[in-house]
Amino acid sequence: MAPDRIILASRSPQRQALLSALGLEFDVAEPAIEELTEGDPRELVLENARWKAAAVAAKAKPGAVVIGGDTEVVVDGEVLGQPENEAEARRHLGRLSGRDHEVLGGLALLGLDQPRDGIEVSTVTFRELEPPLLEAYLASGEWSGRAGSYAIQGLGSALVTAVKGDISNVIGLPIPLLLRLAPELSPAD
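So, a few notes on the structure that sits alongside this text. What you see is a predicted model; the values in this text were computed from it and never measured.

### Describing the nonpolar core
The biggest cluster of nonpolar side chains holds 21 residues, and the ones touching the most others in it are Leu 93, Phe 126 and Tyr 150. Counting residues per element, the ones that place at least two in this core are strand 3 (64-75), helix 3 (86-96), strand 6 (116-126) and helix 4 (131-140). Contacts of Phe 126, omitting those with residues within four sequence positions, involve Leu 93, Leu 96, Ser 97, Gly 98, Arg 99, His 101, Tyr 150, Leu 159, Val 160 and Thr 161. Listed in part, the 19 residues of the second largest apolar core include Phe 26, Ile 175, Leu 178 and Leu 181.

Right, here's the structure in full:
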């Protein structure tokens, strides 16, 4: 049975769309935190998710279940965060061109019987980014505000040749992990 009140600690339209697809009603609250940007990628993604959930839970009414999430793109052990400008997006995409990288999704849930959290890992393979494709993608502006400088659910799908693992994780909210952590959020049969 789903909780009475669910709060998504994120303003991400991708996370909202994925959570809506489960048929759940939820509120949205933007966590006011300064995200970690350096450190071990797995610790970083999980800690950011925990901090987001905690920041929103601290202001929520009792009984609310809060879902915090973080997504990071990792190549050669380095986190490629959201680019500050087009030049940085170009560098990120250049590093991803023609190779595999990991997308780490951290989830933290508060307000259930106990805190629950976990990490999902997906591997994404990029095609070789020829100049016309790279320039068209950069001109689209879709890279702005995106971990690793791309959005797989949009034009960024043209950059990708394969995904191994959970696609919802790459979009921004690992639904299978969420349902493993909180089966009470599963859609009714």
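Read on for the rest.
### Remarks on the pattern of salt bridges
For the coordinates displayed, the defined rule picks out 14 salt bridges. Close ionic contact of Arg 116 with Asp 113 constitutes a salt bridge, the shortest N to O distance being 2.4 Å. The class of Asp 113 is exposed, set by a relative accessible area of 64%. Arg 180 serves as the salt-bridge partner of Glu 120, at 3.0 Å between the closest nitrogen and oxygen. Taken as a pair, Glu 120 in strand 6 and Arg 180 in helix 6 (residues 175-181) lie far apart in primary sequence, 60 residues in all. For Glu 120, a relative accessible area of 14% corresponds to the buried category. In the salt-bridge network here, residues are joined through shared partners; they are Asp 76, Glu 78, Arg 95 and Arg 99.

### A few points about helix 2 (residues 41-57)
Taking 1.5 Å of rise per residue, the 17 residues of helix 2 would be expected to cover 24 Å, and the 24 Å separating its terminal C-alpha atoms lies within 8% of that figure. Those residues of helix 2 not exposed but buried are Pro 41, Leu 44, Val 45, Leu 46, Asn 48, Ala 49, Lys 52, Ala 53 and Val 56. Where helix 2 is buried, its residues meet strand 1 (5-8), helix 1 (13-20), strand 3, strand 4 (78-80), strand 5 (100-110) and strand 6.

### Here's the deal with the packing of aromatic side chains
Think of a pair of aromatic rings as described by two things: how far the centres are apart, and how the planes are tilted against each other in angle. Applying the stated criterion across every chain, the model contains one aromatic pair. A ring pair is formed by Phe 126 and Tyr 150, whose centres lie 4.9 Å apart and whose planes are at 70°; its orientation type is edge-to-face. Here the residue Phe 126 occupies a position in strand 6, and Tyr 150 occupies one in the loop between helix 4 and strand 7 (160-164), the gap between them amounting to 24 residues. The pair Phe 126 / Tyr 150 is uniform in exposure class, with both members buried.

Rules of the game
Note that residues are indexed from 1 along each chain, following the sequence as it is written. At least 70 in pLDDT is required for a residue's local features to be given in this predicted model, at least 80 for side-chain atom pairs to be given and counted, and no such filter applies to totals for whole chains, interfaces and linings, which use all residues. Side-chain metrics rest on all non-hydrogen atoms present in the structure, leaving aside hydrogens and water. Here, the term nonpolar core denotes a set of buried Ala, Val, Leu, Ile, Met, Phe, Trp, Tyr and Cys residues that are joined through side-chain atoms within 4.5 Å. Relative accessibility decides the category of a residue: with a 1.4 Å probe and only protein chains considered, values under 20% of the type maximum give buried, values over 50% give exposed, and everything between is partly exposed. A run of H or I in DSSP becomes a helix once it reaches four residues, and a run of E becomes a strand once it reaches two; helices and strands are each numbered from the N terminus. Any two residues having at least one pair of non-hydrogen atoms within 4.5 Å are treated as being in contact. Throughout this description, the term salt bridge denotes a Lys or Arg side-chain nitrogen within 4 Å of a carboxyl oxygen of Asp or Glu. By this rule, a helix spans an expected 1.5 Å times one less than how many residues it contains. Side-chain rings of Phe, Tyr and Trp (the six-membered ring for Trp) are treated as a pair once their centres are within 6.5 Å; stacked means planes under 30 degrees apart, edge-to-face means over 60, and tilted covers the remaining angles.

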